[in-house]
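A structural walkthrough
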Amino acid sequence: MIYIANWKMHGNSRDIESLNPIIKLSKQKKYRNIKLVYCPPYTLLDLMKRKFINSKIHVGAQNCHFNSEYGAFTGSINSKMLKSIGTKYVIIGHSENRTDGDNDLIINKKIKSALQENLKVILCIGETLFEKRKKLTKKILKKQIKNSLYKVKKVENIIFAYEPRWAIGTGIIPKTKTLTKNIIDIKKILISVNKKLNSAKILYGGSVNSQNVKEIVKIKGIDGFLVGGASLNSKKFIDIIKKSIN
Ligand code: PEP
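Residues numbered from 1 in each chain as written. Predicted model: local features only at pLDDT ≥ 70, side-chain atom pairs only at ≥ 80, totals over all residues. Heavy atoms only, no water.

Moving on to the overall build of the protein. The helix and strand tally for the protein stands at ten helices and eight strands. Radius of gyration (C-alpha) of the protein: 17 Å, near the 18 Å computed for a compact globule of 246 residues. Evaluated residue by residue, the protein yields a buried proportion of 50% over its 246 residues. In the protein, the proportion of contacts linking residues at least 24 apart, taken out of those at least 6 apart, comes to 70%. A total of about 12,500 Å² of accessible surface is found on the protein, and carbon and sulfur atoms cover 54% of it. (Helix = DSSP H or I, 4+ residues; strand = E, 2+ residues; numbered from the N terminus. Rg over C-alpha atoms; globule rule 2.2 N^0.38 Å. Buried < 20%, exposed > 50% of the residue type's maximum accessible area, 1.4 Å probe, protein only. Contact = heavy atoms within 4.5 Å. Areas by Shrake-Rupley, 256 points an atom, 1.4 Å probe, with all protein chains shown as cover.)

Laid out in C-alpha coordinates, this is it:
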(Lines give C-alpha, C1' and ligand atoms only; values in the text may rest on other atoms or scores of the structure.)
Protein backbone atom coordinates (compact mmCIF):
# COMPACT_ATOMS: atom_id res chain seq x y z
CA MET A 1 0.00 0.00 0.00
CA ILE A 2 1.10 3.52 -0.83
CA TYR A 3 0.07 6.55 1.21
CA ILE A 4 0.68 10.04 -0.10
CA ALA A 5 0.21 13.08 2.10
CA ASN A 6 -0.58 16.25 0.18
CA TRP A 7 -0.16 19.25 2.49
CA LYS A 8 -1.29 21.69 -0.23
CA MET A 9 -0.53 25.32 0.80
CA HIS A 10 -0.17 24.53 4.49
CA GLY A 11 2.68 24.29 6.94
CA ASN A 12 5.76 26.07 8.16
CA SER A 13 9.02 25.02 9.79
CA ARG A 14 7.37 24.56 13.21
CA ASP A 15 5.07 21.87 11.79
CA ILE A 16 8.00 19.56 11.05
CA GLU A 17 8.00 18.37 14.67
CA SER A 18 4.46 17.03 14.18
CA LEU A 19 5.96 14.30 11.96
CA ASN A 20 7.53 12.39 14.88
CA PRO A 21 4.59 9.95 15.28
CA ILE A 22 4.55 9.03 11.58
CA ILE A 23 8.31 8.41 11.62
CA LYS A 24 7.78 6.15 14.63
CA LEU A 25 4.99 4.27 12.84
CA SER A 26 7.10 3.81 9.70
CA LYS A 27 9.70 1.95 11.77
CA GLN A 28 7.25 -0.57 13.22
CA LYS A 29 7.53 -4.06 11.80
CA LYS A 30 3.84 -4.17 10.85
CA TYR A 31 4.15 -1.10 8.62
CA ARG A 32 7.58 -1.87 7.18
CA ASN A 33 6.20 -2.66 3.73
CA ILE A 34 4.02 0.39 3.20
CA LYS A 35 5.29 3.27 1.09
CA LEU A 36 4.91 6.71 2.62
CA VAL A 37 5.41 9.92 0.69
CA TYR A 38 4.95 13.44 2.05
CA CYS A 39 4.30 16.26 -0.38
CA PRO A 40 4.69 19.55 1.49
CA PRO A 41 4.89 23.00 -0.14
CA TYR A 42 8.23 23.65 -1.92
CA THR A 43 9.43 25.69 1.09
CA LEU A 44 9.44 22.62 3.33
CA LEU A 45 10.82 19.98 0.96
CA ASP A 46 14.42 20.23 2.13
CA LEU A 47 13.56 20.47 5.83
CA MET A 48 11.20 17.51 5.59
CA LYS A 49 13.75 15.45 3.69
CA ARG A 50 16.26 16.04 6.50
CA LYS A 51 13.63 15.14 9.07
CA PHE A 52 13.04 11.80 7.32
CA ILE A 53 16.73 11.06 6.83
CA ASN A 54 16.80 7.96 9.07
CA SER A 55 13.44 6.65 7.94
CA LYS A 56 12.05 5.22 4.73
CA ILE A 57 9.61 8.07 4.21
CA HIS A 58 10.10 9.96 0.95
CA VAL A 59 9.31 13.52 -0.02
CA GLY A 60 7.54 14.68 -3.12
CA ALA A 61 6.64 18.05 -4.62
CA GLN A 62 3.06 19.06 -5.37
CA ASN A 63 3.81 20.31 -8.87
CA CYS A 64 6.64 21.35 -11.19
CA HIS A 65 7.09 23.63 -14.18
CA PHE A 66 6.89 21.99 -17.62
CA ASN A 67 10.21 23.42 -18.79
CA SER A 68 13.12 21.06 -18.14
CA GLU A 69 15.73 23.80 -18.38
CA TYR A 70 16.32 26.88 -16.23
CA GLY A 71 14.70 29.97 -17.64
CA ALA A 72 12.65 33.10 -17.24
CA PHE A 73 9.68 31.62 -15.40
CA THR A 74 9.27 33.81 -12.34
CA GLY A 75 7.93 32.01 -9.32
CA SER A 76 8.29 28.54 -10.83
CA ILE A 77 10.27 25.45 -9.83
CA ASN A 78 11.23 22.74 -12.32
CA SER A 79 12.01 19.06 -11.94
CA LYS A 80 15.77 19.63 -12.19
CA MET A 81 15.57 21.85 -9.09
CA LEU A 82 13.43 19.32 -7.26
CA LYS A 83 15.86 16.53 -8.05
CA SER A 84 18.82 18.62 -6.86
CA ILE A 85 17.46 18.69 -3.30
CA GLY A 86 16.68 14.99 -3.14
CA THR A 87 12.98 15.05 -3.99
CA LYS A 88 11.85 11.60 -5.14
CA TYR A 89 8.23 12.18 -6.26
CA VAL A 90 6.13 14.87 -7.87
CA ILE A 91 2.35 15.21 -8.08
CA ILE A 92 1.27 16.25 -11.57
CA GLY A 93 -2.22 17.15 -12.79
CA HIS A 94 -3.78 17.77 -9.39
CA SER A 95 -7.34 19.05 -9.70
CA GLU A 96 -6.42 22.37 -8.09
CA ASN A 97 -3.72 22.90 -10.72
CA ARG A 98 -6.08 21.85 -13.52
CA THR A 99 -8.45 24.54 -12.23
CA ASP A 100 -5.52 26.99 -12.42
CA GLY A 101 -4.95 26.16 -16.10
CA ASP A 102 -3.03 22.88 -16.36
CA ASN A 103 -4.35 21.03 -19.41
CA ASP A 104 -3.37 17.64 -20.84
CA LEU A 105 -0.66 19.17 -23.05
CA ILE A 106 1.02 20.97 -20.15
CA ILE A 107 0.62 17.88 -17.98
CA ASN A 108 2.25 15.74 -20.69
CA LYS A 109 5.24 18.13 -20.79
CA LYS A 110 5.51 18.12 -16.99
CA ILE A 111 5.51 14.32 -16.89
CA LYS A 112 8.25 14.11 -19.52
CA SER A 113 10.40 16.64 -17.71
CA ALA A 114 9.91 14.91 -14.33
CA LEU A 115 10.74 11.47 -15.73
CA GLN A 116 13.80 12.89 -17.45
CA GLU A 117 15.09 13.81 -13.98
CA ASN A 118 14.22 10.32 -12.72
CA LEU A 119 11.48 11.59 -10.44
CA LYS A 120 8.51 9.32 -9.81
CA VAL A 121 5.29 10.88 -11.02
CA ILE A 122 1.98 10.78 -9.17
CA LEU A 123 -0.47 11.56 -11.97
CA CYS A 124 -3.88 12.76 -10.83
CA ILE A 125 -6.86 12.03 -13.03
CA GLY A 126 -10.56 12.50 -12.46
CA GLU A 127 -13.79 13.97 -13.69
CA THR A 128 -15.62 17.12 -12.59
CA LEU A 129 -19.12 16.97 -11.14
CA PHE A 130 -20.54 18.27 -14.43
CA GLU A 131 -18.77 15.48 -16.34
CA LYS A 132 -19.97 12.87 -13.85
CA ARG A 133 -23.56 14.07 -14.18
CA LYS A 134 -23.29 13.91 -17.97
CA LYS A 135 -21.98 10.31 -17.62
CA LEU A 136 -18.69 11.29 -19.22
CA THR A 137 -16.39 9.85 -16.55
CA LYS A 138 -14.94 7.01 -18.64
CA LYS A 139 -14.45 9.27 -21.66
CA ILE A 140 -12.70 11.92 -19.57
CA LEU A 141 -10.43 9.38 -17.86
CA LYS A 142 -9.49 7.94 -21.26
CA LYS A 143 -8.75 11.38 -22.67
CA GLN A 144 -6.69 12.42 -19.65
CA ILE A 145 -4.65 9.21 -19.61
CA LYS A 146 -4.06 9.06 -23.37
CA ASN A 147 -3.08 12.70 -23.73
CA SER A 148 -0.96 12.84 -20.59
CA LEU A 149 1.01 9.77 -21.61
CA TYR A 150 1.53 10.77 -25.25
CA LYS A 151 5.04 9.64 -26.23
CA VAL A 152 5.98 9.13 -22.56
CA LYS A 153 8.62 6.42 -22.26
CA LYS A 154 9.31 5.49 -18.64
CA VAL A 155 5.66 4.81 -17.78
CA GLU A 156 6.63 2.33 -15.08
CA ASN A 157 7.71 5.35 -12.99
CA ILE A 158 4.17 6.71 -12.86
CA ILE A 159 1.66 6.09 -10.07
CA PHE A 160 -1.94 6.96 -10.93
CA ALA A 161 -4.22 8.70 -8.47
CA TYR A 162 -7.90 8.59 -9.29
CA GLU A 163 -9.30 11.72 -7.70
CA PRO A 164 -12.84 12.62 -8.73
CA ARG A 165 -12.57 16.40 -8.70
CA TRP A 166 -15.91 16.79 -6.93
CA ALA A 167 -14.68 14.57 -4.07
CA ILE A 168 -11.62 16.65 -3.19
CA GLY A 169 -12.08 18.54 0.06
CA THR A 170 -15.87 18.14 -0.03
CA GLY A 171 -16.38 15.27 2.39
CA ILE A 172 -18.23 13.41 -0.37
CA ILE A 173 -16.87 10.17 -1.81
CA PRO A 174 -18.07 8.06 -4.74
CA LYS A 175 -20.46 5.17 -4.16
CA THR A 176 -18.61 1.85 -3.79
CA LYS A 177 -20.18 0.51 -6.98
CA THR A 178 -19.17 3.56 -9.00
CA LEU A 179 -15.65 3.62 -7.60
CA THR A 180 -15.21 -0.10 -8.30
CA LYS A 181 -16.28 0.42 -11.92
CA ASN A 182 -14.07 3.47 -12.40
CA ILE A 183 -11.00 1.65 -11.06
CA ILE A 184 -11.68 -1.25 -13.46
CA ASP A 185 -12.07 1.23 -16.33
CA ILE A 186 -8.82 2.98 -15.42
CA LYS A 187 -6.97 -0.33 -15.34
CA LYS A 188 -8.32 -1.25 -18.79
CA ILE A 189 -7.50 2.17 -20.24
CA LEU A 190 -3.94 2.03 -18.86
CA ILE A 191 -3.31 -1.37 -20.45
CA SER A 192 -4.80 -0.24 -23.75
CA VAL A 193 -2.52 2.80 -23.78
CA ASN A 194 0.64 0.91 -22.84
CA LYS A 195 0.99 -2.79 -21.98
CA LYS A 196 3.74 -1.95 -19.50
CA LEU A 197 1.02 -0.38 -17.34
CA ASN A 198 -0.63 -3.68 -16.47
CA SER A 199 1.00 -3.58 -13.05
CA ALA A 200 0.64 0.20 -12.54
CA LYS A 201 -0.36 1.31 -9.07
CA ILE A 202 -3.71 3.06 -8.74
CA LEU A 203 -4.48 5.18 -5.70
CA TYR A 204 -7.75 6.75 -4.65
CA GLY A 205 -7.93 10.36 -3.46
CA GLY A 206 -10.79 12.61 -2.39
CA SER A 207 -12.05 13.18 1.17
CA VAL A 208 -10.43 10.03 2.57
CA ASN A 209 -10.73 9.75 6.35
CA SER A 210 -10.33 7.07 9.01
CA GLN A 211 -14.03 6.16 8.76
CA ASN A 212 -14.59 5.84 5.02
CA VAL A 213 -11.18 4.27 4.32
CA LYS A 214 -12.33 0.95 5.80
CA GLU A 215 -14.89 0.58 2.98
CA ILE A 216 -12.77 2.03 0.18
CA VAL A 217 -9.83 -0.25 0.91
CA LYS A 218 -12.00 -3.31 0.20
CA ILE A 219 -12.29 -2.27 -3.44
CA LYS A 220 -10.13 -4.45 -5.63
CA GLY A 221 -7.44 -2.61 -7.54
CA ILE A 222 -6.88 0.24 -5.08
CA ASP A 223 -3.21 0.24 -4.07
CA GLY A 224 -3.25 3.15 -1.68
CA PHE A 225 -4.46 6.66 -0.98
CA LEU A 226 -3.68 10.26 -1.76
CA VAL A 227 -4.77 12.22 1.27
CA GLY A 228 -5.12 15.99 1.45
CA GLY A 229 -6.82 17.59 4.44
CA ALA A 230 -6.53 14.61 6.80
CA SER A 231 -2.78 14.31 6.19
CA LEU A 232 -2.11 17.64 7.91
CA ASN A 233 -2.75 16.01 11.23
CA SER A 234 -0.39 13.09 11.98
CA LYS A 235 -2.93 11.36 14.18
CA LYS A 236 -5.62 11.45 11.46
CA PHE A 237 -3.17 10.27 8.82
CA ILE A 238 -1.94 7.44 11.05
CA ASP A 239 -5.56 6.45 11.72
CA ILE A 240 -6.16 6.18 7.97
CA ILE A 241 -3.11 3.94 7.61
CA LYS A 242 -4.04 1.74 10.56
CA LYS A 243 -7.70 1.37 9.51
CA SER A 244 -6.73 0.36 5.99
CA ILE A 245 -4.00 -2.11 6.96
CA ASN A 246 -5.83 -4.04 9.67
C1 PEP B 1 -6.00 16.06 -2.49
O2 PEP B 1 -5.60 17.17 -2.22
O3 PEP B 1 -5.47 15.42 -3.42
C4 PEP B 1 -7.10 15.48 -1.73
C5 PEP B 1 -7.48 14.26 -2.01
O6 PEP B 1 -7.64 16.27 -0.77
P7 PEP B 1 -8.69 15.82 0.36
O8 PEP B 1 -8.19 14.53 0.96
O9 PEP B 1 -8.67 16.96 1.34
O10 PEP B 1 -10.01 15.64 -0.31
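The strands that make up a sheet pair up through hydrogen bonds in the backbone, lying either parallel or antiparallel. Taken in spatial order, the eight strands of this closed barrel run S1-S2-S3-S4-S5-S6-S7-S8, and their pairing is parallel. Across the sheet, the axes of successive neighbouring strands diverge by a mean angle of 25°, strand direction being ignored. Where strand S6 (residues 158-162) lies against strand S7 (residues 202-205), three bridges are found, and the strand directions are parallel. Note that in S7 the partner of alanine 161 across the bridge is leucine 203. (Pairing = 2+ DSSP bridges. Axes fitted to C-alpha atoms, helices over the stretch in contact; angles between N-to-C directions.)

We now examine the site of the ligand. Near the ligand lie 14 residues; those nearest to it are Lys8, His94, Glu163, Gly169 and Ser207. Starting from 290 Å² of accessible surface for the ligand in isolation, the protein chains cover 96%. Split into classes, the residues belonging to the shell around the ligand amount to four nonpolar, eight polar and two charged. (Near = heavy atom within 4 Å. Nonpolar A, V, L, I, M, F, W, Y, C, P; charged D, E, K, R; others polar.)

Counting 62 residues, the largest nonpolar core has Ile22, Tyr38, Ile111 and Ile158 as the members making the most contacts within it. Top element by residues in this core is helix H8 (residues 176-193). It accounts for five residues. Setting aside anything within four residues of it in sequence, one finds isoleucine 158 in contact with Ile111, Leu115, Val121, Leu123, Leu149 and Val152. In terms of nonpolar packing, the next biggest core, distinct from the first, is built from twelve residues, Ile4, Cys39, Cys124 and Ile159 among them. (Core = buried A, V, L, I, M, F, W, Y, C linked by side-chain atoms within 4.5 Å.)

Helix length check: helix H5 (residues 104-116) (13 residues) gives 18 Å between terminal C-alpha atoms against 18 Å at 1.5 Å per residue, within 8%. Of all the positions in H5, only Asp104, Ile107, Asn108, Lys110, Ile111, Ser113, Ala114 and Leu115 are classed as buried. Structurally, H5 contributes buried residues whose contacts are with helix H3 (79-84), strand S4 (89-92), helix H4 (95-99), strand S5 (120-125), helix H7 (137-148) and S6. Capping the start of H5, asparagine 103 holds a side-chain oxygen 3.1 Å from the backbone nitrogen of leucine 105, two or three residues further along. Where H5 ends, the next residue or the one after it, asparagine 118, has phi of about 60°, a positive value. (Expected span 1.5 Å × (residues − 1). Polar contact = N/O pair within 3.5 Å; in protein donor to acceptor, adjacent residues only side chain to side chain.)

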